Amino acid sequence: MARRQQIAALVSGILFGAGLAVSQMINPEKILNFLDFTANWDPSLGLVVAAGLAVSALGFKWVLGMEGPLLDARFHLPVKREIDAPLLGGALLFGMGWGLAGYCPGPGLAAMTLGVLEPVIFTAAVLLGFQLQSLVRRG
């Protein structure tokens, strides 16, 4: 990876992690309260989702209007468009994990900087899940 790509990746990661921290997406209580419609429902993370969608839509429109990416030879866009069983199963597992733990992978990694054990255990479980999925796919 070229030096400019590494710097861009570092800056992007820092911005992403800071955004997760500011929006409290690394706080599992905040997430669980957002997902719990019966007790202490906190709709504020809906604003985080809406803002993320708006920024993404504008960013994709701008970037895809360019002739090519700044730091690569071509754009790497998904080619698969159909909804299939692995996609639905993965979405179901993702949602169940998010609802049970209050973390998803990005915020789990960012929360590891807080010096508590929970996000470390969560991230280890995610990595184990990646390995299990790889074994299932091969078998």
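All residue numbers refer to position in the chain's written sequence, counted from 1. Thresholds applied to this predicted model are a pLDDT of at least 70 for local features of residues and 80 or more for the giving and counting of side-chain atom pairs; totals over whole chains, interfaces and linings are not thresholded and use all residues. Note that the side-chain values use all heavy atoms of the structure and ignore hydrogens as well as water.

Trainee: Teacher, can you tell me more about the overall build of the protein here?
Mentor: Looking only at helices and strands, the protein features six helices and zero strands. Reading the protein from its N terminus to its C terminus gives the helix and strand order α-α-α-α-α-α. Across its three principal directions, the C-alpha atoms of the protein cover 50 × 40 × 30 Å. A buried classification covers 16% of the 139 residues belonging to the protein. Should any heavy atoms of two residues lie within 4.5 Å, those residues are considered in contact. In the protein, the share of contacts with a sequence separation of at least 24, taken over all contacts with a separation of at least 6, comes to 39%. Accessible surface is estimated by sampling points in the Shrake-Rupley manner with a 1.4 Å probe; for residues, cover comes only from the protein chains shown. Total accessible area on the protein stands at roughly 10,600 Å², and carbon and sulfur atoms take up 70% of it. Only four residue types enter the charge count: Lys and Arg as positive, Asp and Glu as negative, with His and the chain ends excluded. To locate a charge, take atom NZ for lysine, CZ for arginine, CG for aspartate or CD for glutamate. Looking at the protein, you have 9 positive and 8 negative side-chain charges, and the mean spots of the two groups are 12 Å apart. Segments assigned H or I by DSSP are reported as helices when at least four residues long, segments assigned E as strands when at least two residues long, and all are numbered from the N terminus. Think of it in three bands: with a 1.4 Å probe and only protein chains considered, a residue is buried below 20% of the maximum accessible area for its type, exposed above 50%, and partly exposed in between.

Trainee: So what exactly am I meant to see when it comes to the packing of helix α2 (residues 28-35) against helix α4 (residues 85-101) here?
Mentor: When two helices pack together, you describe them by how their axes are tilted relative to each other and by the distance separating the axes. One way to put it is that α2 packs onto α4 with a least axis distance of 8 Å and a crossing angle of 115°. Contacts from Pro28, Ile31, Leu32, Phe34 and Leu35 in α2 reach Trp98, Gly99 and Ala101 in α4. Gly is put with the polar residues, along with every residue not named as nonpolar or charged; the nonpolar set is Ala, Val, Leu, Ile, Met, Phe, Trp, Tyr, Cys and Pro, and the charged set is Asp, Glu, Lys and Arg. Its residues assigned to classes, the contact of α2 with α4 comprises seven nonpolar, one polar and no charged. Under this scheme, a helix contributes an axis fitted over its contacting stretch, all axes are lines through C-alpha atoms, and angles between N-to-C directions fall in the 0 to 180 degree range.

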